[in-house]
Amino acid sequence: MSEVKISAETRTEFGKGAARRIRRDSKVPGVLYGHGSDPLHLTLPGHELLLALRTSNVLISLDIDGKTNELAIPKAVQRDAIKGFLEHVDLQLVKRGEKVTVEIPVQAEGELAAGGNLLEHVLNALPVEAEATHIPEAVTVSVEGLEAGASVLAKDITLPSGVTLAVDEDAVVLQVLAAQAEEAPEGAEGEGEAAAEA
């Protein structure tokens, strides 16, 4: 898992006006919390943070005011609903060797059995516990040849060494649905005719 270095500054101004000024400077307001310490309010460089957040559960090495270095993972990211720019980020403080609970994306590979079946992602992300510096970017599941009615449970997914499930092992992650026939319901035409006669 890659580690991204980002320089951050502590901030003392709060509220909507302060946040707008920060965003006008192409920066993002954020909060760093964890390990029982007081939340630390930060200003982060917008472009660098945006690039870092392209990787889910990215490990961020924060250089705060050029004085302290902290490791963190993103816990909540707020984006503008229309334009998509970053509005705020919550970062969780982590230490090397520490276990954290995160959600990792589930990727399916392979072809389903013939017949136009559909694959449903019941869980788009799988909750797992992993060492903060060794969080997998995703898990890949083979759906090769699965027929309608088949499901993949959390316990069926092979996890990397040191990673454990943080969800019920019998939770359904993926399931195969039979393709729906696109025919009008039977009797619909007859009902229409009866209504017209009345």
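Parameters and conventions
Residues numbered from 1 in each chain as written. Predicted model: local features only at pLDDT ≥ 70, side-chain atom pairs only at ≥ 80, totals over all residues. Heavy atoms only, no water. Helix = DSSP H or I, 4+ residues; strand = E, 2+ residues; numbered from the N terminus. Buried < 20%, exposed > 50% of the residue type's maximum accessible area, 1.4 Å probe, protein only. Contact = heavy atoms within 4.5 Å. Areas by Shrake-Rupley, 256 points an atom, 1.4 Å probe, with all protein chains shown as cover. pLDDT = per-residue confidence, 0-100. Pairing = 2+ DSSP bridges. Axes fitted to C-alpha atoms, helices over the stretch in contact; angles between N-to-C directions. Arc of directions from axis to C-beta. Polar contact = N/O pair within 3.5 Å; in protein donor to acceptor, adjacent residues only side chain to side chain. Lys, Arg positive; Asp, Glu negative; His and termini not counted. Salt bridge = Lys/Arg side-chain N within 4 Å of Asp/Glu carboxyl O.

### Brief notes about the overall build of the protein chain
(1) Moving on: Within the protein chain one finds three helices and 13 strands.
(2) Moving on: Split into buried and exposed, the 198 residues of the protein chain put 33% on the buried side.
(3) Moving on: Expressed as a percentage of contacts within the protein chain between residues at least 6 apart in sequence, the contacts between residues at least 24 apart total 63%.
(4) Moving on: Put simply, the protein chain shows about 11900 Å² of open surface, and 48% of that area lies on carbon and sulfur atoms.

### A few points about the environment of Leu32
(1) Moving on: Inspection of the secondary structure assignment puts Leu32 in strand 2 (residues 27-34).
(2) Moving on: In the structure, Leu32 is positioned 43 residues away from Lys75 in sequence and 9.8 Å away in space, judged by C-alpha atoms.
(3) Moving on: Among all residues touching Leu32, those that are not within four sequence positions of it are Asp38, Pro39, Leu40, Leu42, Leu62, Ile64, Glu70, Ala72, Leu91, Gln92 and Leu93.

### Remarks on the confidence of the model for the protein chain
Should the pLDDT be low somewhere, the predicted coordinates at that spot are not to be read in detail.
(1) Moving on: For the protein chain, per-residue confidence averages 82 on the pLDDT scale, and 90% of positions sit at 70 or higher.
(2) Moving on: Throughout residues 190-198 the model reports pLDDT below 50, and contacts reaching past four residues in sequence, or to other chains, amount to zero contacts.

### Examining the sheet that holds strand 1 (residues 3-10)
(1) Moving on: Strand order in the closed barrel formed by six strands is 1-3-2-6-5-4, and the pairing between neighbours is mixed. Each strand axis lies, on average, 45 degrees off the axis of its neighbour in the sheet, ignoring direction.
(2) Moving on: Across eight bridges, strand 5 (residues 68-79) lies against strand 6 (residues 86-94) in antiparallel orientation. Of the residues in strand 6, the one forming a bridge with Val77 is Val89.
(3) Moving on: In the packing of helix 1 (residues 16-24) onto the sheet, contacts are made with strand 2, strand 3 (37-45) and strand 6, and the angle to strand 2 comes to roughly 120 degrees.

### Points about the sheet that holds strand 13 (residues 172-177)
(1) Moving on: Spatial strand order, 8-13-11: three strands in an open sheet with antiparallel pairing. Looking at which strands have only one partner, the edges of the open sheet turn out to be strand 8 (118-121) and strand 11 (151-153). Across the sheet, the mean angle from the axis of one strand to that of its neighbour is 15 degrees, orientation sign disregarded.
(2) Moving on: Of the pairings in the sheet, the one linking strand 11 to strand 13 comprises three bridges and is antiparallel in character. The residue bridging Val152 from the neighbouring strand is Leu174, located in strand 13.

### A look at helix 1
Each turn of an α-helix holds 3.6 residues, which means side chains three or four residues apart point in the same direction.
(1) Moving on: Along helix 1, the positions that sit buried rather than exposed are Ala18, Ala19 and Ile22. Looking straight down helix 1, one finds its buried side chains confined to an arc of 100 degrees; they lie on one side. Of the exposed residues in helix 1, the ones pointing more than 90 degrees away from its buried face are Lys16 and Arg24.
(2) Moving on: For helix 1, the elements touching its buried residues are strand 2 and strand 3.
(3) Moving on: One or two positions beyond helix 1, positive phi appears at Ser26, with a value near 60 degrees.

### A word on unusual backbone geometry
(1) Moving on: Although it is not a glycine, Ser26 adopts a positive phi angle of roughly 60 degrees.
(2) Moving on: Structurally, Ser26 can be placed in the loop between helix 1 and strand 2.

### Here's the deal with the side chain of Thr133
(1) Moving on: With respect to the secondary-structure elements, Thr133 resides in the loop between strand 9 (125-131) and strand 10 (139-142).
(2) Moving on: In this structure the side chain of Thr133 is engaged in a polar contact, spanning 3.2 Å, whose partner is the side chain of His134.

### Quick notes on the side chain of Arg11
(1) Moving on: When you line up the elements, Arg11 lands in the loop between strand 1 and helix 1.
(2) Moving on: Buried and unpaired, Arg11 has no salt bridge, with Asp90 as the nearest side chain of opposite charge at 7.5 Å.
(3) Moving on: A polar atom in the side chain of Arg11 sits 3.2 Å from the backbone oxygen of Gly30.
(4) Moving on: In terms of polar contacts, Arg11 uses its side chain to reach the backbone carbonyl oxygen of Leu42, at 2.8 Å.
(5) Moving on: Ignoring any residue separated from it by four or fewer positions in sequence, one finds Arg11 in contact with Ile22, Pro29, Gly30, Val31, His41, Leu42, Thr43 and His88.

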